[in-house]
Amino acid sequence: MNEELSKSLSDLNEDQVLNLVKKALDDGAGTMDILSACRAGMTQIGKRYESGEYYVSDLIMAGEIFKQAVQLLGGDAQKNAGGLRDKVVVGTVKGDVHDIGKDLVVGMLRANGYDVIDLGVDVPADVFIDTLEQSGARILGLSGLLTVAYDSMKDTMNRLTTKGLRTSIKVMVGGGAMTDKVREYIGADAMGADAQAAVSICDRWTTEV
Ligand code: B12
């Protein structure tokens, strides 16, 4: 069942995924096993996106199917769908309200087990800092598509330094026309071109520690 479920998710076959999840539940399969088959499907989707076979629209659809599958699983699975791994604080920075890409990043991170605290859009530096301090998260993801967002990102980095948090928090940036030169200007640790890159960066950082 697991392989068939992973494959139908990675093929974006919504009806089949939902039917297989229902059948597995009827047959008494454990919700965590079903969840992990869904995750394996999401990993495949990430690979197919990286290889150019899938587009952003496919990632959006995969995220929607995954969400519905998790809803069918209910209870523990819903809690664990994004809570098995490290905490990541994510938001679109002050002055910017673009959130389509940020939501994709949040969705992919959650589908890969990260416990994401999504602060939404137009987020001031202080809110990022307070959330990091209160949650104990050690990864921050800043999204922004406007040129003015770069200064908000830099401002957030400066606050991290002032608060003495710079060395304990890893920061990734992304959105729209982000480049490595801009990342350097901001002073972030990594930049990601897409939602799958955000997952790869977090995977790298969480296995390094
Ligand atoms: C949709 C859109 C809007 C919508 C936003 C709706 C929403 N809910 O997000 C609305 C209409 C509200 C809007 C408003 C504005 N917009 Co607009 N908008 C766009 C548009 C067409 C698409 C953006 C988008 O969603 N792309 C799809 C997503 C999936 O891509 P993405 O965001 O880049 O995210 C991916 C990656 O970048 C990455 N990623 C994203 N975040 C992160 C974070 C991390 C940590 C990592 C690792 C990766 C990562 O992963 C994502 C998934 O692959 C772009 C043009 C374009 N082609 O990009 C203009 C664009 C971004 N907008 C622009 C402008 C100017 C504006 C306005 C100022 C217009 C105005 N005069 O009012 C306002 C700004 C409002 C504000 N204060 O933010 C300009 C920005 C120019 C600039 N360099 O400053 C653009 C480039 C259009 C243009 N060519 O002029 N906009």
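S.K.: I'd like a description of the overall build of the chain, backed by residues and values.
M.R.: A tally of regular secondary structure across the chain gives 10 helices and 5 strands. Taking 17 Å as the expected radius of gyration for a compact globule of 209 residues, we find that the chain reaches 18 Å, a close match to that expectation. With respect to the principal axes defined by its C-alpha atoms, the chain has extents near 55 × 35 × 30 Å. Relative to its 209 residues, the chain shows a buried fraction of 44%. Looking at the chain alone, contacts between residues at least 24 apart form 74% of all its contacts between residues at least 6 apart.

S.K.: How would you explain the site of the ligand if you had to name every residue and give the values?
M.R.: Looking at the ligand, there are 27 residues lining it, with G101, S143, G174, G192 and D194 nearest. Secondary structure elements with two or more residues in the shell around the ligand: α6 (100–111), β3 (139–143), β4 (170–174) and α10 (195–208). With 5 residues, α6 is the single largest residue contributor to the shell around the ligand. Residue classes in the shell around the ligand are distributed as 13 nonpolar, 10 polar and 4 charged.

S.K.: Give me the environment of G74: which residues, what numbers.
M.R.: Within the secondary structure layout, G74 lies in the loop between α4 (56–73) and α5 (75–80). G74 sits 72 residues away from L146 along the chain, and the two C-alpha atoms are 38 Å apart.

S.K.: Outline the pairing of strand β1 (residues 87–92), supporting the account with residue identities and numerical values.
M.R.: Within β1, 5 of the 6 residues are buried, leaving the element largely enclosed by the surrounding structure. Sheet topology places β1 next to strand β2 (residues 115–118); 4 bridges connect them, and they run parallel. Bridged to V89 within β2 is I117. Remark: the β1/α6/β2 crossover connection has right-handed handedness.

S.K.: Describe helix α1 (residues 2–10), naming the residues involved and giving the relevant values.
M.R.: For an α-helix the count is 3.6 residues per turn, leaving residues at separations of three or four pointing the same way. Every buried residue belonging to α1 is among L5, S6, S8, L9 and S10, and all of these are buried. The elements touched by buried residues of α1 are α2 (14–26), α3 (31–50) and α4.

S.K.: Please set out the sheet that holds β2 residue by residue, giving values where relevant.
M.R.: Backbone hydrogen bonds are what pair the strands of a sheet, in a parallel or an antiparallel way. A sheet is described by the order of its strands in space; here 5 strands give the open sequence β2-β1-β3-β4-β5, paired in parallel fashion. The sheet terminates laterally at β2 and β5 (190–192), the two strands that pair on one side only. Each adjacent strand pair in this sheet contributes to an overall mean axis angle of 25°, direction not counted. Looking at chain direction, β4 and β5 are connected through 3 bridges and run parallel. Paired with V173 across the two strands is M191, which belongs to β5.

Parameters and conventions
Residues numbered from 1 in each chain as written. Predicted model: local features only at pLDDT ≥ 70, side-chain atom pairs only at ≥ 80, totals over all residues. Helix = DSSP H or I, 4+ residues; strand = E, 2+ residues; numbered from the N terminus. Rg over C-alpha atoms; globule rule 2.2 N^0.38 Å. Buried ≥ 20, exposed ≤ 12 C-beta atoms within 10 Å, placed from the backbone. Contact = placed C-beta atoms within 7 Å. Near = placed C-beta within 6 Å. Nonpolar A, V, L, I, M, F, W, Y, C, P; charged D, E, K, R; others polar. Pairing = 2+ DSSP bridges. Right-handed = clockwise from strand over helix to strand, strands pointing away. Axes fitted to C-alpha atoms, helices over the stretch in contact; angles between N-to-C directions.

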